[in-house]
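A look at the structure
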Amino acid sequence: MQYISTRGGIAPISFKQAVMMGLATDGGLLLPVSIPEISAETLTRWRQLSYPELASAVLGFFIDDIPANDLRALVARSYSTFNHPEITPLVKQGDCYILELFHGPTLAFKDVALQFLGNVFEYLLKESGGKMNILGATSGDTGSAAIYGVRGKERINIFILHPHKRVSPIQELQMTTVTDANVFNLAVRGTFDDGQAIVKTIFNDLGFKEKHQLGAVNSINWARIVAQVVYYIYAALKVTESEGVDKVDFSVPTGNFGDIFAGFVARRMLPQQIRHLILATNENNLLTRFILNGDYSLGAVAQTSSPSMDIQVASNFERYLYYLNGEDADRTRRDMDRFAASGSLQFDELAQERVRADFASRSVNEAETIATIRDFYKLHGYVLDPHTAVGVKAGLAGREAGVPMICLATAHPAKFGAAVKSAIGHEPDLPESLAALAGKETRCEVIAAEVAAVQAFVEQHAL
Ligand SMILES: *Cc1c(COP(=O)(O)O)cnc(C)c1O
């Protein structure tokens, strides 16, 4: 499989090159030249497979430059760190299925992709004899998943900036108790935005970037998307089989459009089995406005109880825009230039019709989120985290009789104990792995919110 840029500015490249490139060098995002539709015979075979077996088969369509045996080993290693035999189990609760994506080491769905990406990086660096210094800023969740993705790996160091004393105690412990020699936690005396701005500035220093082989792990990396395609297919096959139906719908709590874009790819592969994709947003509802009214324009970021979705510019949106534009890269580049200049894109009626054929959407406010956690607990005794609750609210509202609704559960509720407590009156039970963090040795460097300070630290500790 070859990869191209949404902006048309690069010659086709292989999967390995695409993983190492991350963001396309023309500023666009990388996509496979085609998305295969899976035959009925293949699907029949896939129904018998375990999660890792299915993952190897699905990934094999998109990755033809890693030998199948090696790919299987990478997948097996990536999911051996999960604490559930089914990796992403489904539980039926009343009128919907909950697809639990939080059984990885940091108890959030980003582990599904970042465990795989870390192993792929290590494999490719070993092959090339290269090295990588990963640099990123986190508001809490992505940082720990990225750290767990590469802890202890050869040829990779990781530097993660988080805002000092502004992440939850659990999030802080999840990061700082990782004491592997290749992991550097930097607590920046400032906000998340300060950390992100510092990282951006350092990445723009092309000499420094080249010298230290700086790498990123944000959700624009194609390897992350493709790893997420697997659980849509896994869930669609399981539920159509157990319910004896043809089709299922999905509801997806959305921030950067990465997870729902994986759903879009999965539906292209299984158009008969996956019907609607519901894109659920919190009060940061730019994407809902886009889907319902064709209005893609920036607003201010609101803080909610689902912080991993407190996002305005969805970094993966451009991938969908490319398909909406009929795979026209020139037009996509012009649209993105216009958006960069004006902060707004408007879509005509024809485009809107196509968007609404691809996605339904609903924005869920704070009161509804908390009420959903409370009501779901009362009805089923099952505790939703606030992100998952946003998706469940939108999913139950959009459900149709005869078509099972699968709601993606993106985080374990114990990671967001305060919000859960405000809904059900008590904190959720702490899973063993979180309870064990208290009292562990920690390692973290408190640092000024200055580019020079962070750059000097990286310079000193880079591979
Ligand atoms: C990152 C994240 C999301 C949003 O996923 P996107 O791929 O950015 O749309 C939802 N829930 C949780 C818990 C997350 O960490």
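Everything discussed here concerns the structure shown above.
Residues numbered from 1 in each chain as written. Predicted model: local features only at pLDDT ≥ 70, side-chain atom pairs only at ≥ 80, totals over all residues. Heavy atoms only, no water.

**A few points about the packing of aromatic side chains**
This is how the line gets drawn: Stacked, edge-to-face and tilted are the three classes for Phe, Tyr and Trp ring pairs, Trp counted by its six-membered ring, which pair at centre distances within 6.5 Å; planes under 30 degrees apart are stacked, over 60 edge-to-face, the rest tilted. Under the DSSP-based scheme used, a helix requires at least four consecutive residues in state H or I and a strand at least two consecutive residues in state E, with every element numbered from the N terminus. The rule is simple: take the accessible area with a 1.4 Å probe, protein chains only, and divide by the maximum for that residue type; under 20% is buried, over 50% is exposed, in between is partly exposed. For a Lys NZ or an Arg CZ to count as sitting over a ring, it must be within 6 Å of the ring centre and within 35 degrees of the ring normal.
Counted under the stated rule, the structure contains 29 aromatic pairs. Residues phenylalanine 257 and phenylalanine 317 carry aromatic rings whose centres are separated by 5.9 Å and whose planes lie at 85° to one another, so their mutual orientation is edge-to-face. With phenylalanine 257 in the loop between β9 (248-253) and α11 (258-269) and phenylalanine 317 in helix α13 (residues 317-324), this residue pair connects regions lying 60 residues apart in the sequence. Summarising the burial analysis for this pair, phenylalanine 257 and phenylalanine 317 share the class buried. Taking 6.0 Å as the distance between ring centres and 35° as the angle between the ring planes, the aromatic pair formed by phenylalanine 257 and tyrosine 320 counts as tilted. Placement of phenylalanine 257 in the loop between β9 and α11 and of tyrosine 320 in helix α13 is noted, with a sequence separation of 63 residues between them. The class of phenylalanine 257 is buried, set by a relative accessible area of 1%. Here a set of aromatic residues connected by ring pairs shows up, and it is made of Phe257, Phe261, Phe264, Phe290, Tyr296, Phe317, Tyr320, Tyr322, Tyr323, Phe339, Phe347 and Phe359. Taking the ring centre of phenylalanine 184 as reference, the NZ or CZ of arginine 443 above it sits at 5.6 Å.

**Observations regarding the sheet that holds strand β15 (residues 445-448)**
Stated precisely, the cut-off is as follows: Pairing between two strands requires that DSSP report at least two bridges joining them. Working rule for contacts: check all heavy atoms of both residues, and any pair within 4.5 Å makes them a contact. Only C-alpha atoms enter the line fits that serve as axes; for helices the fit covers just the stretch in contact. Angles between N-to-C directions range over 0 to 180 degrees.
Taken together, five strands build an open sheet; the order of strands is β8-β5-β6-β7-β15 and the sheet is parallel. Across the chains shown, the open sheet's two edge strands, defined by having one partner strand only, are β8 (214-215) and β15. Sheet topology note: the strand β5 (residues 132-137)/β8 ladder contains two bridges and is parallel. Opposite asparagine 133, over in β8, you have leucine 214 as the bridge partner. Sheet strands touched by helix α6 (residues 141-150): β5, β6 (156-163) and β7 (183-189). Its angle to β6, the strand with the most contacts, is close to 165°. Contacts from helix α7 (residues 169-176) reach β6 and β7 within the one sheet, and its direction differs from that of β6 by about 160°.

**Focus on α11**
In an α-helix, one turn spans 3.6 residues, which is why side chains three or four residues apart end up on the same side. We count it as follows: In a helix, the anticipated span is given by 1.5 Å times the number of residues less one.
The terminal C-alpha atoms of α11, which comprises twelve residues, lie 17 Å apart, in line with the 16 Å expected from a rise of 1.5 Å per residue. In terms of burial, α11 is a largely internal element, eleven of the twelve residues being buried. Of the positions making up α11, those classed as buried are Gly258, Asp259, Ile260, Phe261, Ala262, Gly263, Phe264, Val265, Ala266, Arg267 and Met269.

**Overview of the packing of helix α5 (residues 110-128) against helix α10 (residues 222-243)**
Condition: Should an angle fall under 35 degrees it is taken as roughly parallel, and over 145 as roughly antiparallel, whereas 65 to 115 is taken as roughly perpendicular and any remaining angle as oblique. Handedness of each helix crossing follows the sense of rotation of the near helix against the far helix: counterclockwise by less than a right angle gives left-handed, clockwise gives right-handed. Gly falls in the polar group here, along with every residue not listed as nonpolar (Ala, Val, Leu, Ile, Met, Phe, Trp, Tyr, Cys, Pro) or charged (Asp, Glu, Lys, Arg).
Closest axis-to-axis distance for the α5/α10 pair is 8 Å, and the angle between their directions is 125°. By the angle between their directions, the pair α5 and α10 is classed as oblique. In this structure, α5 crosses over α10, and the sense of that crossing is right-handed. In this structure, α5 uses Lys110, Val112, Ala113, Leu114, Phe116 and Leu117 to contact α10, whose residues at the interface are Ala223, Arg224, Ala227, Gln228 and Tyr231. A class-by-class count of the residues in the contact of α5 with α10 yields eight nonpolar, one polar and two charged.

**Focus: the side chain of threonine 176**
Examined against the element boundaries, threonine 176 turns out to sit in helix α7. Contact partners of threonine 176, with chain neighbours within four places excluded, come to His162, Asn185, Glu441, Thr442, Arg443 and Cys444.

**Things to note about the site of the ligand**
Using the following cut-off: Neighbouring residues are identified by heavy atoms, a residue being near a molecule or strand if any of them is within 4 Å of it. Any pair of nitrogen or oxygen atoms within 3.5 Å is treated as a polar contact; in protein, a donor-acceptor pairing is required on top of that, and neighbouring residues in sequence qualify only through side-chain atoms on both sides.
For the ligand, the set of nearby residues contains 15 residues, the closest of which are Lys110, Gly255, Asn256, Asp259 and Thr410. Here an oxygen atom of the ligand sits 2.8 Å away from a polar atom, N or O, in the main chain of glycine 255. Of the residues contributing to the shell around the ligand, the split by class is five nonpolar, seven polar and three charged.

**Some thoughts on the pairing of β9**
Of all six residues in β9, six are buried; the element is thus mostly enclosed. Residues of β9 alternate between two faces, with Val248, Phe250 and Val252 on one and Asp249, Ser251 and Pro253 on the opposite face, all of them buried. In the sheet, β9 pairs with strand β10 (residues 274-281) via five bridges, with the strands oriented parallel. Among the inter-strand pairings, phenylalanine 250 is bridged to a residue of β10, identified as leucine 277. Pairing analysis gives three bridges linking β9 to strand β14 (residues 405-409), with the strands arranged parallel. By the bridge assignment for β14, phenylalanine 250 is matched with isoleucine 406.

Worth remembering: the numbers are spatial, not functional.
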